[in-house]
Amino acid sequence: MWGGRFATGPDAVMREINASIGVDKRLWREDIAGSKAHARMLGAVGVLSAADVEAILGGLETIAGEIEAGGFAFSEALEDIHMNIEARLRELIGEAAGRLHTARSRNDQVATDFRLWLRGALGEIEASLTELMETLARKALAHADTVMPGFTHLQTAQPVTFGHHCLAYVEMLARDRARLADARARANECPLGAAALAGTSFPIDRRATARDLGFDRPMANSLDAVSARDFALEALAAAAIAQGHLSRLSEELVVWSSAPFAFVRLPDAFSTGSSIMPQKRNPDAAELVRAKTGRTAGSFVALLTVLKGLPLAYSKDMQEDKALTFEALDALALSIAAMTGMVASLSVNDEAMRSAAGAGYSTATDLADWLVRVAGLPFRAAHHVTGRLVALAETRGVALDALPLADMQAVEPAITGEVFGVLSVDASVRSRTSEGGTAPANVEAAARGWLARLDAETAADRT
């Protein structure tokens, strides 16, 4: 490849550290697409003859077929996907293959390949997030009135519904999807034609190449075009946040499926057993989704560290970008698929959820609100009275609604028998009708709204 400048070949260790074909062979489709677009453009501006363009396009089609069929021999000696394809092209069509690299460098070539791959990968992840959101929204609709405890500090706080809990994750994932879409949009600029770093003296048409490859526009600065990797960093940051949300839901599934909670049961298809304890049902799929958060966040930090001190323009350090990005987005895609399967097929133990929702004096806030709304107490006074009544109930080992009215009135004379109407978990959740609240009617409307929106988006994508 550069034999004219060097008298000897690279050391074996140098070949090993320098080669990237084990990672970037994944970009073969994008590399061939970029080469085809470049060849067509060079032909259109008169840099390549029509015969050369035809030969190059035909040779690239042959190579694509060989790779698809598994018959292509990748060589570490040729370092990367670009030189592997170019070498095979030379075998197929001869000297014309050498003209393909006119007015480009591996620097703009790899940046183009990487952006093309990332654009496709992010689009696929957005689609899978949409499917998970729909799965959660359907679960929410089915359980709009299934009462469960809401937690703060993992302590029982107030009753909510399981449907409301599911919709919280729909909202999170919607933001994740938007972040990934933003990252995809910013990545959709074409570096091809920036060449090594300074552009080229050939009369190329970068806008034609960008259009051919589906980019919004050519990148405006040749130095930036070959050295920028913030598009990958942005994607990794969005992926790490999304993976973090999946990890939170995974943690809840792990806890909820444990015997002390028994809120949900994960299906056999997403559980494993023990080699020694026959009774075990381990939530391994959820645990592995939770664990992959470390890989995804780690890839972001690793690439940020690789790039932080690099002078413009290209440095070989950037070769590390693809392995980190591939690993992180692969982990996220797999995690989304696993979570979608778990959510779709998990069964909910309504009775266990309802029983737990009433524990821990979870309707204490409803009592305080009643004292404000009906008895006219300032909220701070109502909070104090309610605290005293909770302490009294706790001392006696009974629920709030099991305290005799006379004992309540001994603490606050303004309390009447009407108060017992707000102390059940069902009354509590029905009362939370404020926008975004957990009232079953709210949850049902929100779930139907999300399902309609997602269905409309899917229909629009098909057209």
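Here the structure is shown first, and the text comes after it.
Residues numbered from 1 in each chain as written. Predicted model: local features only at pLDDT ≥ 70, side-chain atom pairs only at ≥ 80, totals over all residues. Heavy atoms only, no water.

A. Spatial organisation of the layout of surface pockets. Size it by volume and the largest pocket reaches roughly 490 Å³. As for the largest pocket, its lining consists of 20 residues, of which Gly150, Phe151, Thr152, His165 and Glu252 are closest to the centre. Those elements that provide at least two residues to the lining of the largest pocket are β1 (147-152), β2 (155-161), α8 (162-187) and α11 (230-256). Here the lining of the largest pocket is built from residues that sort into 10 nonpolar, 6 polar and 4 charged. (1 Å grid on protein atoms, 1.4 Å probe; cavity = no way out; pocket = protein on both sides within 12 Å on 5 of 7 lines; lining within 4 Å. Points joined across faces, edges and corners; volume = space filled by probe spheres on them. Helix = DSSP H or I, 4+ residues; strand = E, 2+ residues; numbered from the N terminus. Nonpolar A, V, L, I, M, F, W, Y, C, P; charged D, E, K, R; others polar.)

B. Here's a closer look at the packing of aromatic side chains. On inspection of all chains with the given rule, the structure shows 8 aromatic pairs. Between Phe72 and Phe74, the ring centres sit 4.8 Å apart and the planes meet at 55°, which makes this aromatic pair tilted. On the basis of relative accessibility, which here comes to 11%, the residue Phe72 falls in the buried class. Look at Trp256 and Phe263: their rings are 6.5 Å apart centre to centre, the planes differ by 40°, and that puts the pair in the tilted class. (Phe/Tyr/Trp six-rings, centres within 6.5 Å; stacked < 30°, edge-to-face > 60°. Buried < 20%, exposed > 50% of the residue type's maximum accessible area, 1.4 Å probe, protein only.)

C. View of the environment of Leu310. Within the secondary structure layout, Leu310 lies in the loop between α12 (284-307) and α13 (321-345). Exposure remark for Leu310: the relative accessible area of 22% places this residue in the partly exposed category. Along the sequence, Leu310 and Met342 sit 32 residues apart, while their C-alpha atoms lie 43 Å from each other. In contact with Leu310, not counting residues within four places along its chain, are Ser315, Asp317 and Met318. (Contact = heavy atoms within 4.5 Å.)

D. Seen up close, the pattern of salt bridges. Under the definition given, this model contains 27 salt bridges. The closest approach of N and O atoms between Arg184 and Glu126, which form a salt bridge, is 2.7 Å. Within this pair, whereas Arg184 is found in helix α8, its partner Glu126 is found in helix α7 (residues 106-142), the two being separated by 58 residues in sequence. Residue Glu126 is classed as buried on the basis of its relative accessible area of 10%. In this structure, the salt-bridge partner of Arg177 is Glu457, at a minimum N-O distance of 2.7 Å. A residue pair is termed long-range when its members are at least 10 positions apart, and Arg177 in helix α8 and Glu457 in helix α19 (residues 440-462) qualify at 280 residues. What you see here is one network of salt bridges that share partners, running through Asp52, Glu95 and Arg99. (Salt bridge = Lys/Arg side-chain N within 4 Å of Asp/Glu carboxyl O.)

E. Main features of empty space enclosed by the protein. Summed over all chains, the structure comprises 2 cavities of 30 Å³ or more. In this model, the largest cavity occupies a volume close to 60 Å³. Taken together, Leu136, Phe162, His165, Cys166, Tyr169, Leu249, Leu253, Trp256, Val343 and Leu346 make up the lining of the largest cavity. Secondary-structure elements contributing two or more residues to the lining of the largest cavity are α8 and α11. Across the lining of the largest cavity, the residue classes break down as 9 nonpolar, 1 polar and no charged. Size it by volume and the second largest cavity reaches roughly 40 Å³.

F. Representation of the pairing of β1 in the model. When β1 meets β2, the two strands line up antiparallel, connected through 5 bridges. What sits directly across from Met148, in β2, is Val160. Linking two consecutive strands that pair antiparallel, namely β1 and β2, is a turn of 2 residues; a positive phi of about 60° is found at His153 within it. (Pairing = 2+ DSSP bridges.)

G. Just unusual backbone geometry, in detail. Across the junction of Leu312 and Ala313, the peptide omega takes the value 10°, indicating a cis bond. Mapped onto the fold, Ala313 is located in the loop between α12 and α13. A positive phi angle is found at Ala103, which is not glycine, with a value near 70°. In this structure, Ala103 sits in the loop between α6 (96-99) and α7.

Honestly, it's all geometry; don't read function into it.
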